[in-house]
Amino acid sequence: MLSGADVSVYQGNIQWDVFAPQLDFVFIRATYGTQAVDKKFAYNRVEAARCGLLRGYYHYALPRLGAAEQAQKICSVVGDLEPGELDIVLDLEEMQHEGKVGHVWAPADTLALQEWTRVFVREVKARHPGRSVILYTRHNFWRERLGGCSEFVDCPLWLANYTYGLDSVRARPPASTKEWADWAHKKPLKAWDPWSAWSFWQITAKAVMPGVRGNTVDANLFNGTLSDLRRLARIEEGPVASAQLPTADALWQKLLRLSGRGELRS
């Protein structure tokens, strides 16, 4: 597995010559809503490229506003995608009724959010032929607000799930990014259906990293090899094959079966 981070204006003036060597890839916030551009996007994009990182750009979605307009905004800001750049990311973690007190979620809301996502994905794919859209979300959000919709499983999944320890929100991964995968898998993900496997996993928002003074950093893993990631960034040709990782529940069931057949030894 590979280690990466995602950054925005909230990380301040990143010292990329110090920050980048710790990483295999980085996601950079580009836009949010229909008009706003992250104030550090242009700088972070140039610096990440200069340092040789594989990089992607994400849009923080506000579903209360138009999907097509938001898709057009990030496509306009990012422009053409070059080799070394990953597919556009849709950061979907808000609802169309976000902040409205007393709203009761209804089936019509699920259908509306599905349609919103459909329009955004379709618009981005139209602007970037041959590319997909990486979907950033939480499993419970996708299940409860999108109805577990399987329509978008062709889009690589970037799953936000802070699963480590009893205090998962504030837990900090090791200082060495090479140890992040072992740290995260001490309490593995339980589910990512309807996808058959996750592509990226945001394991915490509390990584402390050299090169970033103003804030902590979101830490991420990529479920594949460097060649897989280079193919996703269109540097190498060929299919991207994320490992079909079993869920924690599936691993437990396997252990029960082995125990029942007497294949486990203390």
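The coordinates are above.
The rules behind each value
Residues numbered from 1 in each chain as written. Predicted model: local features only at pLDDT ≥ 70, side-chain atom pairs only at ≥ 80, totals over all residues. Heavy atoms only, no water. Helix = DSSP H or I, 4+ residues; strand = E, 2+ residues; numbered from the N terminus. Buried < 20%, exposed > 50% of the residue type's maximum accessible area, 1.4 Å probe, protein only. Contact = heavy atoms within 4.5 Å. Areas by Shrake-Rupley, 256 points an atom, 1.4 Å probe, with all protein chains shown as cover. 1 Å grid on protein atoms, 1.4 Å probe; cavity = no way out; pocket = protein on both sides within 12 Å on 5 of 7 lines; lining within 4 Å. Points joined across faces, edges and corners; volume = space filled by probe spheres on them. Phe/Tyr/Trp six-rings, centres within 6.5 Å; stacked < 30°, edge-to-face > 60°. Polar contact = N/O pair within 3.5 Å; in protein donor to acceptor, adjacent residues only side chain to side chain. Pairing = 2+ DSSP bridges. Expected span 1.5 Å × (residues − 1).

Student: Describe the overall build of the chain, naming the residues involved and giving the relevant values.
Tutor: The number of helices and strands found in the chain is 8 helices and 9 strands. For the chain, the residues scored as buried account for 48% of the 266 residues in total. Residue pairs at least 24 apart in sequence account for 69% of intrachain contacts in the chain once pairs closer than 6 positions are excluded. In the structure as shown, the chain presents an accessible area of about 12,800 Å², 52% of it carried by carbon and sulfur atoms.

Student: Quick rundown of the layout of surface pockets? Include the residues and the values.
Tutor: Its volume calculated, the largest pocket comes out at about 460 Å³. Of all the elements in the fold, those that place two or more residues in the lining of the largest pocket are strand S1 (2-7), strand S4 (54-60), strand S6 (134-137), strand S7 (157-160) and strand S8 (200-207). Looking at which element gives the most residues to the lining of the largest pocket, the answer is S8, with 3 residues.

Student: Now, about unusual backbone geometry: what can you tell me, with residues and values included?
Tutor: Looking along the chain, the bond that leaves Asp 193 and enters Pro 194 is cis, with omega of 10°. Along the chain, the position of Pro 194 falls in the loop between helix H6 (180-184) and S8. The phi dihedral of Arg 234 is positive, around 65°, even though this residue is not glycine. Position of Arg 234 relative to the elements: it lies in the loop between helix H7 (226-232) and helix H8 (248-260).

Student: Kindly report on the packing of aromatic side chains, identifying the contributing residues and their values.
Tutor: Tallying each qualifying case throughout the model produces 13 aromatic pairs. Aromatic pair Phe 25 and Phe 200: ring centres 5.4 Å apart, planes at 65°, arrangement edge-to-face. Here Phe 200 lies in strand S8 and Phe 25 lies in strand S2 (residues 25-32), a separation of 175 residues in the sequence. You'll find Phe 25 and Phe 200 in the same group, each marked buried.

Student: Tell me what's going on with the side chain of Asp 38, and back it up with residues and numbers.
Tutor: Looking at the secondary structure, you find Asp 38 in the loop between strand S3 (36-37) and helix H2 (41-50). Only 3.1 Å separates the side chain of Asp 38 from the backbone nitrogen of Val 9, close enough to count as a polar contact. Side-chain polar atoms of Asp 38 contact the side chain of Arg 29, separated by 2.7 Å. Excluding anything up to four places from it in sequence, Asp 38 contacts Ser 8, Val 9, Arg 29, Ala 30, Thr 31 and Tyr 32.

Student: Now, about the pairing of S1: what can you tell me, with residues and values included?
Tutor: Most of S1 sits out of view: 6 of its 6 residues are buried. Burial along S1 is two-sided: Leu 2, Gly 4 and Asp 6 and Ser 3, Ala 5 and Val 7, pointing in opposite directions, are all buried. As paired strands, S1 and strand S9 (residues 217-222) are joined by 5 bridges and run antiparallel to one another. Residue pairing for S9: Leu 2 is matched across the bridge by Phe 222. Bridge count between S1 and S2: 4 bridges; the pairing is parallel. Following the sheet pairing, Ala 5 is matched in S2 by Val 26.

Student: Can you lay out the environment of Lys 206 for me, pointing to particular residues and giving the numbers?
Tutor: You can see Lys 206 is positioned in strand S8. The class of Lys 206 is partly exposed, set by a relative accessible area of 28%. Linking Lys 206 and Arg 172, residues 34 residues apart in sequence, is a C-alpha distance of 5.3 Å.

Student: Help me get a handle on helix H3 (residues 67-78), residues and values and all.
Tutor: Helix length check: H3 (12 residues) gives 17 Å between terminal C-alpha atoms against 16 Å at 1.5 Å per residue, within 8%. Buried positions along H3 lie against S2, H2, S4, strand S5 (89-91) and helix H4 (107-127). In the segment just after H3, Gly 79 is the residue with positive phi, at about 75°.

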